[in-house]
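Below, each chain spelled out in residue letters.
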Amino acid sequence: MLVKQPSVVSKNYLDYIKEQEMVEKEIWSSIEVKGLMVIDFGVGESTKKLVELGARVIAVDKDKEKLKRYSSLDLSLIQCDIVKLPFHTKIADLAVFYFTLHEIDPNLHKNAILSARKVSSKVMVVEPSPNGCPTYNLYASIWRRAMHSVNEFEDYKHASYWKRLIEDCGFKVIALKRVRQKVEIPFIMLKQLVHDTIKQWKNIGIKVKYIHEMENFLNYVKKRGMRWSDLSVIIGI
């Protein structure tokens with residue numbers, strides 16, 4: 001998330017930025033992607049990072065507008081459903097699900113991993129933990145209920161769930177890492193995050209009651225602070 005740097009930079013702000021940089025390094029140190037053919041399921045931060053790290057990237061997303069945002073990068077873009085890939089053989093060295101699977105109906109998680117299995121020899125899943133500090137748990141609950149109200153998903157799962165899922169799809173898990181996030185999110189970032197969230201929700205028809213919950217959450221978190229939950233990184237071959 002891009003946030004304008006405040007004119008007076010607090011120690012909390014600097015500590016948070018430093019930790020997020022370390023978190024990113026920790027995630028991508030889990031596997032060497034330079035020179036690999038990588039299918040990135042769901043365009044976003046991971047797409048740019050994979051290109052930056054020297055991977056040959058095929059980005060897959062069903063959202064045409066999202067794909068357009070990455071058209072200037074040196075990669076291939078394919079608009080399709082994750083479980084309906086236009087490939088019938090293994091064409092990639094690695095399939096990446098970076099903050100993607102929690103936005104998919106859990107009943108389709110296995111289909112998504114099996115789809116990756118058909119086209120790639122390795123898989124990498126990066127997902128947030130469902131449990132964190134009390135304010136994070138409240139934030140995640142509001143998000144989940146709001147998404148469910150419009151038949152969308154924001155369903156976080158434990159690392160054990162992803163490990164079992166990957167193994168059930170025929171991969172052998174060779175790495176399971178927990179990346180901790182300990183620094184409180186600066187309130188200026190939370191304020192913008194909530195503002196952007198509410199704007200997004202209005203555009204997709206989220207009910208007013210959930211928008212009010214998120215507005216009230218901002219007042220609640222201002223006094224208590226919030227940290228992101230830890231991240232799970234799982235790699236299967």
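Here, the structure is the one placed above.
Just so it is clear, the structure is predicted and the values come from calculations on it, not from any experiment.

Caption draft 1: Quick look at the packing of helix 4 (residues 109-119) against helix 6 (residues 159-168). Two numbers describe how helix 4 lies on helix 6: the axes approach to 9 Å, and their chain directions differ by 50 degrees. The angle between helix 4 and helix 6 places the two elements in the oblique class. Helix 4 and helix 6 meet at a crossing whose hand is right-handed. Between helix 4 and helix 6, the residues in contact are H109, K110 and I113 and Y161, W162, L165, I166 and D168, respectively. Partitioning the contact of helix 4 with helix 6 into residue classes produces five nonpolar, one polar and two charged.

Caption draft 2: Seen up close, the pattern of salt bridges. One pass over the full model with this rule turns up nine salt bridges. Among the salt bridges present, the one from E213 reaches R145, with a minimum N-O distance of 2.8 Å. Of this pair, E213 sits in helix 8 (residues 208-224) while R145 sits in helix 5 (residues 134-148), placing them 68 residues apart in sequence. According to the relative accessible area criterion, R145 is partly exposed, its value standing at 31%.

Conventions adopted
- Residues numbered from 1 in each chain as written.
- Predicted model: local features only at pLDDT ≥ 70, side-chain atom pairs only at ≥ 80, totals over all residues.
- Heavy atoms only, no water.
- Axes fitted to C-alpha atoms, helices over the stretch in contact; angles between N-to-C directions.
- Helix = DSSP H or I, 4+ residues; strand = E, 2+ residues; numbered from the N terminus.
- Parallel < 35°, antiparallel > 145°, perpendicular 65-115°, else oblique.
- Left-handed = near helix turned anticlockwise from the far one by under 90°.
- Contact = heavy atoms within 4.5 Å.
- Nonpolar A, V, L, I, M, F, W, Y, C, P; charged D, E, K, R; others polar.
- Salt bridge = Lys/Arg side-chain N within 4 Å of Asp/Glu carboxyl O.
- Buried < 20%, exposed > 50% of the residue type's maximum accessible area, 1.4 Å probe, protein only.

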